[in-house]
Each structure stands twice: as C-alpha cells, then as structure tokens.
Amino acid sequence: MTQSPTLSRRSAQSDSPLPRKSRQRGADARAGYTFLLPWLLGFIALTVGPMISSLYLSFTNYNLFEPPKWIGLDNYTTLFQDERFLQSVGVTVSYVVFGTPLKLAAALAVAMLLNSKRRGQGFYRSAFYAPSLIGASVSIAIVWKAMFGDAGPVDQGLSIFGINLGGWVGNPAMTMPMFILLTVWQFGAPMVIFLAGLKQIPADLYEAASMDGAGPVRKFFNITWPMLSPVIFFNLLMETIHAFQIFNSAYIISNGEGGPAGSTLFYTLYLYLRGFSDFRMGYASAMAWLLLIVVGILTLIIFRTSKSWVHYSGDTK
Amino acid sequence: MINRRNFLTTVAIGSASAAALAACGQPAPSQTGSADNPVTINYTWWGNDDRAERTRKAIALFEEKNKDIKVNGNFTDFPGYWQKRATEAAGGGLPDVMQWDLSYLRDYGQRNQLLDLSTVKIDTSAFDKSLLPSGQIRGKTYGIPTSTNAFAVYYDPAKLASLGIAEPDGSWTYKEFNTFLAEVGAKGNGALFGSTDYTSVWWMFNIWLRQNNIEAFTEDGKLGFGKDDLKKWWNLTADLRGTPALVSEERVTQLAPKSPFGSNATATEVTWDNYMAGYLADSGAKALKVVPVPSDDPDNLGLFLKPSMLMVASAKTKNKDAAARFIDFMVNDPEVGQIFKTSRGVPASKTQRDGTTFEGADKLVVDYEKSIEQYLKDAPEPPIVGFGTLEASFKRVASDLNYGKLTIDGAADAWFKEAEDLIKQNA
C-alpha cells in the first residue's frame, strides 16, 4: 500500500535505536484515530458546529425565517429586564437548591439500607433503581400529573388524614413541592453509585470503631462520610448539573406553558418557548449560553470547596 | 482493465455529477404524475383522533378521484403543531399542503414561506366575498378558508333546568350576563360554576372592542386600543372573580387540556361555535345550545365569521398543481363536507355547504350562524406578525390576574410591555 514506502524511508533515515517502537506507535495512533473518526466527525458536526453557530446567534435577532441581524449584546442585556426570565431563574434555583440535596440524602439513606446483606436484596435494588430509568419519560410525567391532579390519589389519600390541599397541579404554591418529590423519587442512579462506594469501605474500619465503642451516628460521620466523600462529590456535581436541565416533566405537567401563574416556568422551558413559540432564536441562544456559563461557574465553585471536605485515599491530610 | 476500486469510484463520480447536473438544470417545473407513477404530496394538520379519522376518509376519496396523486398525511396537537412548523420552515422543508390558523398566517405569509395561491388553479367562486380577504396579505392569497366559525355562548339546557334557571335567549348586556353567571354560581352550590372568566379570551376582547367601534390592530401593524380599554375590559368581571360565578383558575389548570365546560364544571362557556362536537363528546351531555355573546349595544354585536381553518401550500413545494388540486378538493367537494360536517366549522364554500346535510348538533351550529347573519361584519384581516404569541400571553396574563398574582393595572402593564416589545421586534 502507499504507506509502506514512507515508513521504510523514514526508518532508513533514522539512526535512533528505537525505530521499530516509534513506527509501531505511529501505526497504533493512526489506527486509533481511524476508529475515533466517526465519533470525532459526529462531535464536530453535531456538537461543536451547532455550539459555535448558537454562540453567533446569541448576538443576533433571528426569527428562523429571515437572516439573523447582528445586535451585539442586546439579547444579554434585555434578559435582565425580562420579568419572566427572572421568574424562570427563581423557579429553577429553588428547584436545584431544595431538590438536589433531598435527592442525594434519599439516595444515600436507601443505599445504606441496601448495603447490608439480607434476603431479596437484588429485588430491592432493582425496585429502587427502576424509577430513575423511566423517570424522565413522558409517560411518568403524565402519570404524575394525574396522581397530583384534582381528586387524584394523592389528594384523596391526604384527605383521609384530614388534610385538604385539593389538586397540586393547579395550585402555584404546591407545584414546586410536587416537582421536588418527583426528582427525589428518581434517586436510583445516585443510589447505585453510593452503593458501589459503600462497598469500597473496608469492613474492619467499622469493626475497629465498634470495639472502641462508637455508635452508628459516630460511625457515619467519622467513617462513612469521609470515606464516601469522593462519591458524594461526584453525585453532587452530576445531580446539580442535571437539575438545571429539567425540561420534560415541566413541559408535560404544565401543558408546555409553565403555569399555573408561572410557578413551573423552568429555565429550559422558558428557553424553549422563546425559541420555538415566539421565534426568538437569538434570545434563546443567549439564554442557553448564560446557562452554560452559570453551570460552569457553579461546577468550579463545587470543585474549589471540595478540597476542604473530599478525602481521597492516600491523602496525607 | 477495470478493477473493483476504480469501478466503484467511477460509479460514485458518475452519479454525483448526474445529481449535480440535475440540480443546476432549469428550475424544476411542477412535477406531474400518472396513475402508474403518482406524485406524492405531504399534508399536515392539527387535531384529535376524530379529525384524523375524518381526514383519512377525505384523503382516500381524493386519491380515488385523482389516481395520479398520493397524499401523505400527518398530524399533531395544536401547540406542538406550530413548533414543528417553525423548525421545518427554518430548514426549508415545510410540507406541501398544510391546515393553517389565522393567527399564524402573517408570520409565514409575510416572510415568503407560503405559496401565493392566486397563481394556481383553485376555484373560489363559491366563497362569500367578505371571507376571502382574511386569507390575503398585501394583495396575495396565502390561505383559502375551509370553513367558518363565529363566537357564541354555549350552555347546557339540562344543567340550567336542574338549577331551575330559565334558558337565555342571547339578547343580553354584560350586566345581565354577569347576573346570569352569578345566579348559576349561587344555585350551583360549589358543584357547578357559571363559566370560565370570559375576559381571559382574546377573541372575546376583540369582539368587545368591535362593539365599541375600536380596532384591535391598525393597518400599520400597531395596537389600535389603549391600556385603559384593556383595564376596562378586565374590570367587567372584577366583581365575579373569586365567586362561584366563575370557575377558579386553579380548577381550570387542573382540568386542562379539557375545558371546564367540557368537564361539566361550568354551565356555560364563551367560545367558537364549531367546538360543539368536541364538547358533546367531552361532557357526555345530551344536547348543548348556542346563543349570541352579550353586548351593550343591541344593534352591534361585534360578531364576524372567522375562517376557522385555512388551507395553505408551502412556497417551496415541487408539486404546485397537485397541491392546488388537493386544496381545491378539500374546500369545495361536497363529499368532503359530508365527511367533516361542522367539525372544522361550517363549510365556507357554498358548493360544499349545500352538498352537506346537517342534522342534530351540526344543524344547531349552522342555524346559529344563520341567525346572526344580520349582525355580521367583515372578517378581520390576518392579525399582525407574532399574533400567536400575543394571544398566548393574553391568556397567560389573564390567568395570573385570576390567580391574584397581578392586579388589573399590573396585568395591563405586563401585557402591553410584551405586546410593544413584540411589535418592535417584528418591525
């Protein structure tokens, strides 16, 4: 083939004692890049390209039909005078702030329960994991809407105990608790990761602590928490990023409108409405980039703080 | 000798250049089909299963009569419909023929996405002359109305009888209408409310403006009314909000996407008259009736016939003639009228209307439109660019008002801010 002459010429010129090895390495690299190529092409065409064009569009006024008009930073500055935008930020932040820690707490608690050996363990693990597999689906959002609707099972169940909240779906004060419950219920994915982390903690640490007379609370804070901290860190990061991206359930439960009274106007939902209902793609792109920047900054902050509470084995601290 | 690789390269280059040559040839003339080799056109509409079934029948009939054309049908619900069209338009791939709504005609027509239908052969001789302008923008015809609808007050006679309330005759002022709603609410005892807040419906506001001889939009695409008009409008039901006369916004949200009237939560509803079939199916009521909307001026009801739907074609369609023949068939053919009855509205073309037999609920709708004939004014022109957004935000702001999140003044400010921003954006 055409490649072999080049190679032999190069090896002939080289006096180094490692021609064979580097030749081998070059071939490996070529093979590697060849196998990478389909993914790389997809990445450039479907991710990098659209990102660049969306960055460009965020500085324009673009209605999908006519060529984009350059307007500089206008989209970014008008964002902060847009009451609905500010509302969507508020809704999303409260969802992230309350939903994520609760979800992680539930995941950790259940993981610890499932960590001990008992009969039917496999069943329980699958049963708790299942909701997070189907949780983001459209059908679950529909079921959730029906459950929390007027005269739905939740309303009727609560009224047995004399609590009459009515349907949650139409009550602006109750929609956020409903969405937080929905996300907490989908704790399966972080739970599985916690479970794997718990398995890594050597049992003799707990045995030694018991010998020294430590109770379960002491054991949790002095052994489980520090030993598990890299896993907690990972889960916190992933779930925070994930929570910012909530869309499907919000779209379905609020009929794509973000109601009642804007109480479910999540950031991504408003972004979508701006782009595809109001034909303001430039504005929507600006929102998307702002979200990217904010999530990036948050990630950085979490990384920074992690130094003080995340412990890796081998740390001398 | 040709080895395998050379052969493949030759084939690849050959077919690529053939495609390229074909692409740079003269602008493709409208393709024509034959019975053996029919052309295919795409048709899309919004609606529910009932409309899908009727449309399927109409398409089958069309294909039977036009062996050289195949129609590929496809439908979604109303909100998803417009998001899909927006994406397709951006990619230059709108379906050949589409069911259309007046709210979005300007958005697409003015931006050269729709075919000027006066350049193709569609028979409009059987249409009422006052109706056709609603499909026209700046002298070009972008849409042909399939049917008409008019605003009306629906009520359920059985529910009124059970409350001991006399049936209304439809000649009422806003004050009388409010009193009526309050009475239903009082006697309904928490189980049945008067109606949904009618001031949250854009088109009812539009009718009220016409009753007061105010235009909703000016010719240069601006608002024709002021903040005070809007405040006055929302004040009409100020005393009723929070009382059993109007169903609470909480219930309205819970019941969506069904309407409170269709869910038997209210005794009346103010909306388009072609919802009859849908309401009957939703509520399970034996019979529903329609009467005219309230007005403080008995000679000016502000009513008009609106094209309930239009048929449009994509500006980029390769099958202009086939598309035109399909549109012509859907709006004029009497058998299509028999299939749809009044579920699209009352057929707009006289040929189709006369060829359709209306019975029961369908007859009530047709009779209603006849009964208001003397009050009808010209249909409004296609509303301004971005009207779909304005209408949605009207509904949303009114809903915030009903939730008590906004005062009437605050709601008017909020809506005007959005409207002015939108008009500036599209200027």
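Right above here is the structure, for reference.
Chains are numbered independently. Their residues run from 1 in the order of the written sequence. As a convention, the first chain written is A and the first ligand written is 1, with the rest following in written order. Residue-level local features of this predicted model are given only where pLDDT is at least 70; pairs of side-chain atoms are given and counted only at 80 or more, and the full residue set underlies all totals for whole chains, interfaces and linings. To obtain the side-chain values, all non-hydrogen atoms of the structure were used and water was disregarded.

Student: Please set out the interface of chain B and chain A residue by residue, giving values where relevant.
Tutor: Facing the 27 residues of chain B at the interface are 32 residues of chain A. Across the chain B/chain A interface, buried area totals approximately 2400 Å², and carbon plus sulfur atoms make up 48% of it. A 1.4 Å probe defines the accessible area here, and the buried area is the portion of it lost by two parts on being joined, summed over both. Its largest share of buried area at the contact with chain A, chain B owes to B:Gln83, B:Arg111 and B:Gln254, together 26% of the area lost on that side. When a carboxyl oxygen of Asp or Glu is within 4 Å of a side-chain nitrogen of Lys or Arg, the pair counts as a salt bridge. In this assembly, chain B and chain A are joined by 3 salt bridges. Across the pair B:Lys395 and A:Glu257 runs a salt bridge, and its minimum N-O distance is 3.4 Å. In protein, a polar contact requires one atom able to donate a hydrogen and another able to accept it; more generally it is a pair of N or O atoms within 3.5 Å, and residues adjacent in sequence count only if both atoms are side-chain atoms. The interface formed by chain B and chain A holds 10 residue pairs in polar contact (both at pLDDT 80 or more) in total. Starting at the N terminus, helices and strands are each numbered in turn, a helix being any DSSP run of H or I of at least four residues and a strand any DSSP run of E of at least two. Listing elements by their share of the side of chain B that touches chain A, those giving two or more residues are α3 (78-90), α4 (105-109), α9 (249-255), α15 (387-402) and α16 (408-425) of chain B. For the side of chain B that touches chain A, the element with the highest residue contribution is α3(B), accounting for 6 residues. Under the convention adopted here, Pro, Cys and the residues Ala, Val, Leu, Ile, Met, Phe, Trp and Tyr are nonpolar, Asp, Glu, Lys and Arg are charged, and Gly plus all remaining residues are polar. In terms of residue class, the side of chain B that touches chain A is built from 8 nonpolar, 7 polar and 12 charged. Only heavy atoms matter for contacts: two residues are in contact if any of them lie within 4.5 Å across the pair.

Student: Any chance you could break down unusual backbone geometry for me, citing the residues and the numbers?
Tutor: Phi at A:Leu64 takes a positive value of approximately 85 degrees, unusual for a residue other than glycine. Type-normalised accessible area, obtained with a 1.4 Å probe on protein chains alone, sets the label of each residue: buried when under 20%, exposed when over 50%, and partly exposed for intermediate values. A relative accessible area of 7% places A:Leu64 in the buried class. Notably, B:Asn189 is not glycine yet its phi reads approximately 60 degrees, a positive angle. Within the secondary structure layout, B:Asn189 lies in the loop between α6 (174-188) and α7 (202-211).

Student: Now, about the pattern of salt bridges: what can you tell me, with residues and values included?
Tutor: Evaluated as defined, the whole model comprises 22 salt bridges over all chains. Across the salt bridge formed by A:Lys103 and A:Glu239, the nearest N and O atoms sit 2.9 Å from each other. Linking A:Lys103 in helix α4 (residues 83-115) with A:Glu239 in helix α11 (residues 216-244), this pair joins segments that are 136 residues apart in sequence. Just as A:Lys103 is buried, A:Glu239 falls in that class too. Between B:Glu88 and B:Arg85 there is a salt bridge, and its shortest N-O distance comes to 2.8 Å. Residue B:Glu88 and its partner B:Arg85 are located together in helix α3, separated by 3 residues, close to a single helical turn. By sharing partners, the salt bridges in this structure join A:Asp82, A:Arg274 and A:Asp278 into a single network.

Student: So what's going on with empty space enclosed by the protein? Residues and values would help.
Tutor: In this analysis, the protein atoms alone were mapped onto a 1 Å grid. Cavities are point sets where a 1.4 Å probe fits without being able to get out; pockets are open sets with protein on both sides within 12 Å along at least five of seven lines; lining residues have an atom within 4 Å of a point. Grid points are joined across faces, edges and corners, and a volume is the space filled by probe spheres set on the points. By the definition in use, this model includes 5 cavities of 30 Å³ or more. In terms of lining, the largest cavity is formed by A:Asp278, A:Phe279, A:Arg280, B:Asp107, B:Arg111, B:Val385, B:Gly386, B:Thr389, B:Leu422, B:Gln425 and B:Asn426. Partitioning the lining of the largest cavity into residue classes produces 3 nonpolar, 4 polar and 4 charged. If you add up the space inside the second largest cavity, you get close to 50 Å³. If you go around the second largest cavity, the residues you meet are B:Tyr43, B:Trp45, B:Arg51, B:Thr55, B:Gln99, B:Thr146, B:Met311, B:Met330, B:Phe340 and B:Arg344.

Student: Kindly report on the packing of α4(A) against helix α8 (residues 175-185) of chain A, identifying the contributing residues and their values.
Tutor: Axes are the key here: two packed helices are described by the angle between their axes and the distance separating the axes. Residues and elements named next belong to chain A. Packing of α4 against α8 leaves a shortest axis separation of 9 Å and a crossing angle of 35 degrees. Both α4 and α8 take part in a crossing whose hand is right-handed. Where α4 approaches α8, its residues Val 91, Ser 94, Tyr 95, Phe 98, Gly 99, Leu 102, Lys 103 and Ala 106 are matched on the opposing element by Met 176, Phe 179, Ile 180, Thr 183 and Val 184. Residues that form the contact of α4 with α8 fall into these classes: 9 nonpolar, 3 polar and 1 charged. Geometry is summarised by axes, namely lines fitted to C-alpha atoms with helices restricted to the contacting stretch, and by angles between N-to-C directions that run from 0 to 180 degrees. Less than a right angle of anticlockwise turn of the near helix away from the far helix marks a crossing as left-handed, whereas a clockwise turn marks it as right-handed.

Student: Go over the pairing of strand β1 (residues 39-46) of chain B with me, naming the residues and quoting the values.
Tutor: All names here are of chain B. Burial runs high along β1: 6 of the 8 residues are buried. Strand pairing follows a simple DSSP-based rule, namely that at least 2 bridges must link the two strands. Sheet topology places β1 next to strand β2 (residues 69-76); 8 bridges connect them, and they run parallel. The residue of β2 that forms the bridge with Ile 41 is Val 71. For the segment spanning β1, helix α2 (residues 49-65) and β2, crossover handedness is right-handed. With 2 bridges joining them, β1 and strand β3 (residues 97-100) adopt parallel strand pairing. The partner of Tyr 43 across the bridge, within β3, is Val 97. By definition, the crossover connecting two strands over a helix is right-handed if that path, from the first strand to the second, turns clockwise as seen with the strands pointing away from the viewer.

Student: I'd like a rundown of the layout of surface pockets, residues and numbers included.
Tutor: Residues and elements named next belong to chain B. As a volume, the second largest pocket reaches approximately 840 Å³. Around the second largest pocket, the lining is made up of 34 residues, and of these Arg 106, Phe 217, Thr 218, Glu 219 and Ile 384 lie nearest the centre. Of all elements in the fold, only β4 (136-137), α7 and α16 reach the threshold of two or more residues within the lining of the second largest pocket. At 4 residues, α7 tops the list of elements feeding residues into the lining of the second largest pocket.

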